[in-house]
Amino acid sequence: MPKIVVHRETEWANKARKVAIFLNGKKLGTIEDRQVIAFEVPEGEQELVAKIDWCRSNKLTLHLQPDELEHVKIEGFVFSSYFFPVSMLILLIYLGVYFTTGVNNVYLAAAVMCCLGYLLFFLSVGRKHYLQLKIK
């Protein structure tokens, strides 16, 4: 029987949350941060999806042969590992400048709004691409 080995890398945004793994619409199980887990699956064409809250990944179609071992990697949305630390730094600089000088820096405010807009995109319209499944 073929196996799918799912690797979940660590990421700042989803560290405390579990990701559910679905094969052909049926839940196989969940995976935690920095965990590797293997699932025995039927052979043939299979569709793999990962979900977290109301967001999900792309659909990954696998063509599995008997006794095949397929490695799949789960990642967050594009630049997610850099997004939150950089956003927090920009927000802290903006708040620091505002509260120490009383000056509302338009460029820093625009940077904060861009960061919020990027995040809101993946939490709403882009929710079907919040996670990424890739063959490792």
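Look above for the structure.
Since we're looking at a predicted model, the values are computed, not measured. (Residues numbered from 1 in each chain as written. Predicted model: local features only at pLDDT ≥ 70, side-chain atom pairs only at ≥ 80, totals over all residues. Heavy atoms only, no water.)

> Mind showing me how you'd approach the packing of helix H1 (residues 80-101) against helix H2 (residues 106-123) here?
It is at 9 Å that the axes of H1 and H2 come closest, and there the two elements cross at 150 degrees. In this view, H1 runs roughly antiparallel relative to H2, as classed from their interaxial angle. The handedness of the crossing between H1 and H2 is left-handed. Contacts from Phe83, Phe84, Ser87, Ile90, Leu91, Ile93, Tyr94 and Val97 in H1 reach Leu108, Ala109, Ala111, Val112, Cys115, Tyr118 and Leu119 in H2. (Axes fitted to C-alpha atoms, helices over the stretch in contact; angles between N-to-C directions. Helix = DSSP H or I, 4+ residues; strand = E, 2+ residues; numbered from the N terminus. Parallel < 35°, antiparallel > 145°, perpendicular 65-115°, else oblique. Left-handed = near helix turned anticlockwise from the far one by under 90°. Contact = heavy atoms within 4.5 Å.)

> How should I be thinking about the nonpolar core in this particular structure?
Across soluble globular proteins, nonpolar side chains have a tendency to be buried as a group. Of all hydrophobic cores here, the largest spans 30 residues; its most connected members are Ile4, Val19, Ile21, Leu48 and Ile74. Mapped onto this core, the elements with two or more residues apiece are strand S1 (3-8), strand S2 (19-23), strand S5 (44-52), strand S7 (60-64), strand S8 (69-76), H1, H2 and strand S9 (131-135). With residues up to four places along the chain from it excluded, the contact list for isoleucine 74 reads Val6, His7, Arg8, Glu9, Val19, Ile21, Ile31, Ala50, Leu131, Gln132 and Leu133. (Core = buried A, V, L, I, M, F, W, Y, C linked by side-chain atoms within 4.5 Å. Buried < 20%, exposed > 50% of the residue type's maximum accessible area, 1.4 Å probe, protein only.)

> Would you mind going over the packing of aromatic side chains with me for this structure?
Between two aromatic rings, the relevant description is the distance of the centres plus the angle of the planes. For the structure shown, the criterion picks out four aromatic pairs. Where tyrosine 118 meets phenylalanine 122, the ring centres are 5.3 Å apart and the plane angle is 75 degrees; that geometry is what we call edge-to-face. Here tyrosine 118 and its partner phenylalanine 122 are both found in helix H2, four residues apart, which amounts to about one turn of the helix. Accessibility expressed as a relative area gives 27% for tyrosine 118, which makes it partly exposed. Here the aromatic rings of phenylalanine 121 and phenylalanine 122 are separated by 5.1 Å at their centres, their planes lie at 80 degrees, and the arrangement is edge-to-face. One aromatic cluster is present, built from ring pairs that chain together Tyr94, Tyr98 and Phe99. Above the face of the phenylalanine 22 ring, lysine 51 is positioned so that its terminal group lies 4.7 Å from the ring centre. (Phe/Tyr/Trp six-rings, centres within 6.5 Å; stacked < 30°, edge-to-face > 60°. Lys NZ or Arg CZ within 6 Å of the ring centre and 35° of its normal.)

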